[in-house]
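Summary of the model geometry
Below, each chain spelled out in residue letters.
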Amino acid sequence: MKSYQKLTTAVPQPAACRVEEEGAAPTPAGHGKLAPWWVGSGLLVAAVLLSAVTVWVLRQVSGGWPGPAPPPKCLLVPESHRFDCYPERRVVVTQELCESRGCCFIESPPPVGGKRGVPWCFYPPDFPSYTLESLNQTTLGMVGLLVRREKAYYPRDIEMLRLDVEFETDTRLHIKITDAASPRYEVPLEVPQAMKRAENPIYSLDFSRDPFGVLLRRRATGTVLLNTTVAPLIFADQFLQISTSLPSRFLYGLGEHRGTLLHSLDWSTLTLWARDVSPTESFNLYGAHPFYLLMEEGGDAHGVFLLNSNAMEVALQPAPGLTWRTIGGVLDFYIFLGPDPNMVIQQYQQVIGFPAMPPFWALGFHLCRWGYGSSNETWQTVRAMRNYQIPQDAQWNDIDYMDGYRDFTFDPQKFASLPSLVEDLHKHGQRYVMILDPGISSTNPHGSYWPFDEGLRRGLFLNTTQGQPLIGQVWPGFTAFADFSNPDTHQWWLENLQRFHAHVPFDGLWIDMNEPSNFLDGSEDGCPPGELDSPPYTPAVLGDSLSAKTVCASAKQKASVHYNLHNLYGLMEAKATASALIQIRGKRPFVISRSTFPSQGRYSGHWLGDNQSQWKDMYYSIPGLLSFSLFGIPLVGADICGFSGSTSEELCTRWMQLGAFYPFARNHNTQNKKAQDPTVFSPAARTAMKDVLLTRYSLLPFLYTLFHRAHLQGDTVARPLFFEFPRDVATLGLDRQFLWGRSLLVTPVLEPGVDSVTGYVPRGVWYDFYTGSSVNSSGEMLKMSAPLEHLNLHVREGTILPTQKPGTTSEATRGNPLRLIVALSQSATAWGDLFWDDGESLDTFERGSYSYLVFNVTQNIFTSTVLHASAEATEVTIGTLSIFGVREPPSKVLLNGQEKPFSYMDNQVLTVSDLGLSLSQGFSLRWL
């Protein structure tokens, strides 16, 4: 048996194979970089061994450990590189249990605070794994056979595996490991099929034969991105595990969790299993996103996506290293080589799909609460907002609009005027959105509730193992759960929505409780015994059971068992809902979903769930927002001012300022707490909230253009600072600020009782958004004034922002003149763009019904170039040009050669007003 933790000659020449693309210099297979990275030489080994033995002897003397010394091969493994051989929870791992698995057992002091620390039971360097028996070239890459000679310790170990490697593009590698003999469940996600092998990949790939391992390097730097020889590969029917070293500790993604943007590698485990629970640190939350982004030393980035929908956990350790553990499906990895973080996310979305273009109104301000109690009360809030002229695009209702909490109904007493309210919203250029849950009430007299009767007749619900509808309990009481893996369910969902739309012509849908959530564990009858509901290994899920507050894993669905499909439930419902909205309204759908999975951005946005009205929740919304940008779901936000609990005026004012810069901006509140919409606060707070919403509305053309770029090529909208400054290590942990696109820096106040905020300003010139005054930063933390009515916004040098005079709805704003804000770079250049269409028609870009303009400044000449024009652009004019950073006062300004009046301020801002130019006409403006 060859050793895992090998020395420099560790990948032995005879047993290693090297795959090199044409034209590259071959590297000897025993190259130093292939060796596990923590063992450098015999001297180091001797030192490690000596110190480990010394520690062991000292512990013996102090009565720390009983029994004989662990074998030298175990003492050789440094603590940070101990890969857990006994990850089961709720088990006291003894030496006997550990050694029964053939693993090393060394106790280490437990960490403070009850966290998991160094595993006591870990793999020895020679633990049996798979051997790469054969490897053959294919047109797209390679196919290999992996064989395990000795059984591992989980049932139904698979002895022969098929390895498929495809060099799909120069920056994308696809590695898939499946059962060589029998088909297994695979995620039903459409992925692109490569047609030819990549010609000049920026990566190189090696394999260790025995034990099998993958070694992936970045060609330009030699950095080892993956080295799976650090621990054995295990592939049993219900336990699949693979580990790798990581080239740095800067790891992001792996949702959905609450925490900092940058993950801690200090023995933390992230579980992916959709669960209805208020966002809490370390819990598995509503969605599952098995994708990480890693920043390498020097600023390069790569990403790894495991296309697997089973219950899963990802264990991180300080080596730095990572272990994927999943309990079904196959190991289907995509690796994206970037090399910069923006490109990694684009490459990820080339596989999972680019996000849908939202309707323009979706980017306005949304207002909701649970507990308006009646349609008249809801209407009162809308009227109060209009009365104070506070921008609002959409009014929502939570479950209290329903009759007995039943989908597709409204309360005939309390919400009798709902159709009239919706009509009034439409008259004022506003929209209506309501909530829907996937649990369908099952206790109504036969013939009295069509959704259940018809769903039952067509066989569209999740079934028990006995073939009867699985009955759980949600808001309406006992419920059956729609099976969205069945295409017939999509038709039934559409018909239900059509029937409701005939009475209440809603514009968008909010799909909640779709993990799916269940107030019971499993069903009214619990769950049957068996290996789906009680698998050999259960990842670290909240509640310690797959059925905790959801349905039984053994439940039958059209496409597979729930065990495999659970994490896809929200995605499949979103797909059905977006499709129904298109068929009903004939316009772009607007859907917000709680549960999500990769590719969901194609169908819906997301809100971050049932947060609380606390300052820390406001902070945590920023890493939440930025993580979903990584996941390809740019339309995301948190409940502004908090959902649970009561907010304070100060917290709500600060949160409205931050929330005005969530891509999806909705203030939402729970029942029986004081109202928190902007109209209920003091005049000063109300004005501050109104002002920041007007600022958002003025930026809608810029935000809409960012969404176009997201839809077209997978750019992020809300963006972490390190995406734009990847070589500035000071940005790698920043998650209290963020950017819109590359141009606008948002620095919110996230704590009470302050009138200033400290934020990082990356190197370069930044301009105050409101005044145009500049700050030249060397890349430093700066203290900024932040009275309660002020949100700090800075425009990056070299950018041009299209803005618009704001109205109280996006519809009113769209007709107003544009103001272009030019932020000159130190070399007096700038660039920006604008995408414009009718704001709601389907596929406007694909059909060519849009306008696209590029703005440029060089040598004191501003140019607007129309690259594509449509009718909508003729209705919009450019009114004002504001140019920040004009160092010398101009003597004159020429528009298309004609002199124009202008103003010039001491802070180097040049303004030219009353331009009256049609958006569909190119022009140039010069200052001398």
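Attention in this report is confined to the structure presented alongside it.

Definitions and limits used
- Residues numbered from 1 in each chain as written.
- Predicted model: local features only at pLDDT ≥ 70, side-chain atom pairs only at ≥ 80, totals over all residues.
- Heavy atoms only, no water.
- Helix = DSSP H or I, 4+ residues; strand = E, 2+ residues; numbered from the N terminus.
- Buried < 20%, exposed > 50% of the residue type's maximum accessible area, 1.4 Å probe, protein only.
- Contact = heavy atoms within 4.5 Å.
- Core = buried A, V, L, I, M, F, W, Y, C linked by side-chain atoms within 4.5 Å.
- Pairing = 2+ DSSP bridges.
- 1 Å grid on protein atoms, 1.4 Å probe; cavity = no way out; pocket = protein on both sides within 12 Å on 5 of 7 lines; lining within 4 Å.
- Points joined across faces, edges and corners; volume = space filled by probe spheres on them.
- Nonpolar A, V, L, I, M, F, W, Y, C, P; charged D, E, K, R; others polar.
- Axes fitted to C-alpha atoms, helices over the stretch in contact; angles between N-to-C directions.
- Disulfide = S-S within 2.5 Å.

A look at the environment of Ala869
- Mapped onto the elements, Ala869 comes out in the loop between β44 (861–868) and β45 (877–884).
- By relative accessible area, Ala869 is classed as partly exposed at 47%.
- Separated by 390 residues in the primary sequence, Ala869 and Thr479 have C-alpha atoms spaced 52 Å apart.
- The residues touching Ala869, leaving out its near neighbours within four places in the chain, are Tyr850 and Ser851.

Regarding the nonpolar core
- Of all hydrophobic cores here, the largest spans 234 residues; its most connected members are Trp324, Phe661, Phe862 and Leu925.
- Once residues within four sequence positions are removed from consideration, Phe862 is found in contact with Ile800, Leu820, Val822, Phe855, Asn856, Val857, Leu881, Phe923, Ser924, Leu925 and Trp927.

Observations concerning the pairing of strand β39 (residues 792–796)
- Burial within β39 is extensive, with 5 of its 5 residues counted as buried.
- Here β39 shows a buried face lined by Asn792, His794 and Arg796 and a second buried face lined by Leu793 and Val795.
- Sheet topology note: the strand β34 (residues 744–747)/β39 ladder contains 4 bridges and is antiparallel. Among the inter-strand pairings, Val746 is bridged to a residue of β39, identified as Leu793.
- Of the strand pairs in this sheet, strand β36 (residues 764–768) and β39 are connected by 3 bridges, and their pairing is antiparallel. When the sheet's bridge partners are listed, Tyr767 is paired in β39 with Val795.

A closer look at the layout of surface pockets
- Approximately 950 Å³ is the volume attributed to the largest pocket.
- Thr269, Leu270, Glu281, Ser282 and Phe283 are the residues nearest the centre of the largest pocket, which is lined by 43 residues in total.
- Secondary structure elements with two or more residues in the lining of the largest pocket: β13 (250–255), β14 (268–272) and α11 (615–630).
- Top contributing element to the lining of the largest pocket by residue count: α11, with 7 residues.
- Class assignment for the residues of the lining of the largest pocket results in 17 nonpolar, 17 polar and 9 charged.
- Put simply, the second largest pocket is a space of about 690 Å³.
- Elements with a contribution of two residues or more to the lining of the second largest pocket: β14 and β17 (312–317).

Topic: the sheet that holds strand β4 (residues 130–137)
- An order of β4-β5-β6-β7-β19-β16-β15-β13 is seen for the 8 strands of this open sheet, with the pairing classed as antiparallel. The open sheet has two free edges, formed respectively by β4 and β13, since each of these has just one partner strand. The average angle at which neighbouring strand axes cross in this sheet is 15 degrees, direction not considered.
- Note that β13 and strand β15 (residues 289–295) share 5 bridges and pair antiparallel. Of the residues in β15, the one forming a bridge with Gly255 is His289.
- Packed on one face of the sheet, helix α4 (residues 341–352) meets β7 (172–179), β15, β16 (301–306) and β19 (331–336) and runs near 25 degrees to β16.

Here's the deal with helix α7 (residues 450–458)
- Within α7, burial applies to Pro451, Phe452, Asp453, Glu454 and Gly455.
- Here the buried face of α7 lies against β23 (439–441), β25 (477–481) and α8 (487–501).
- Looking one or two places after α7, you find Gly459, whose phi comes out positive at around 70 degrees.

Focus: the environment of Leu470
- Within the secondary structure, Leu470 sits in the loop between α7 and β24 (472–474).
- The class for Leu470 is buried, based on a relative accessible area of 1%.
- The spacing of Leu470 and Gly526 is 56 residues in sequence and 10.0 Å in space, taken between C-alpha atoms.
- Ignoring anything within four residues of it in the chain, the contact list for Leu470 reads Leu462, Asn463, Thr464, Thr479, Ala480, Phe481, Gly522, Ser523, Val551, Cys552 and Ala555.

Points about the state of the cysteines
- As enumerated under the stated definition, the model contains 5 disulfides in all.
- Between the sulfur atoms of Cys85 and its disulfide partner Cys103 the distance amounts to 2.1 Å. A torsion of 75 degrees about the S-S bond marks the disulfide between Cys85 and Cys103 as right-handed. Taken together, the positions of Cys85 in the loop between α2 (72–75) and α3 (95–100) and Cys103 in the loop between α3 and β2 (104–105) put the pair 18 residues apart, joining distant regions of the chain.
- In this structure Cys85 comes out as buried when scored by relative accessible area, which is 0%.
- With a relative accessible area of 6%, Cys103 lands in the buried category.
- Each sulfur of the disulfide joining Cys98 and Cys121 lies 2.2 Å from the other. A torsion of 90 degrees about the S-S bond marks the disulfide between Cys98 and Cys121 as right-handed.

Treat this as a map of the structure, not an account of what it does.
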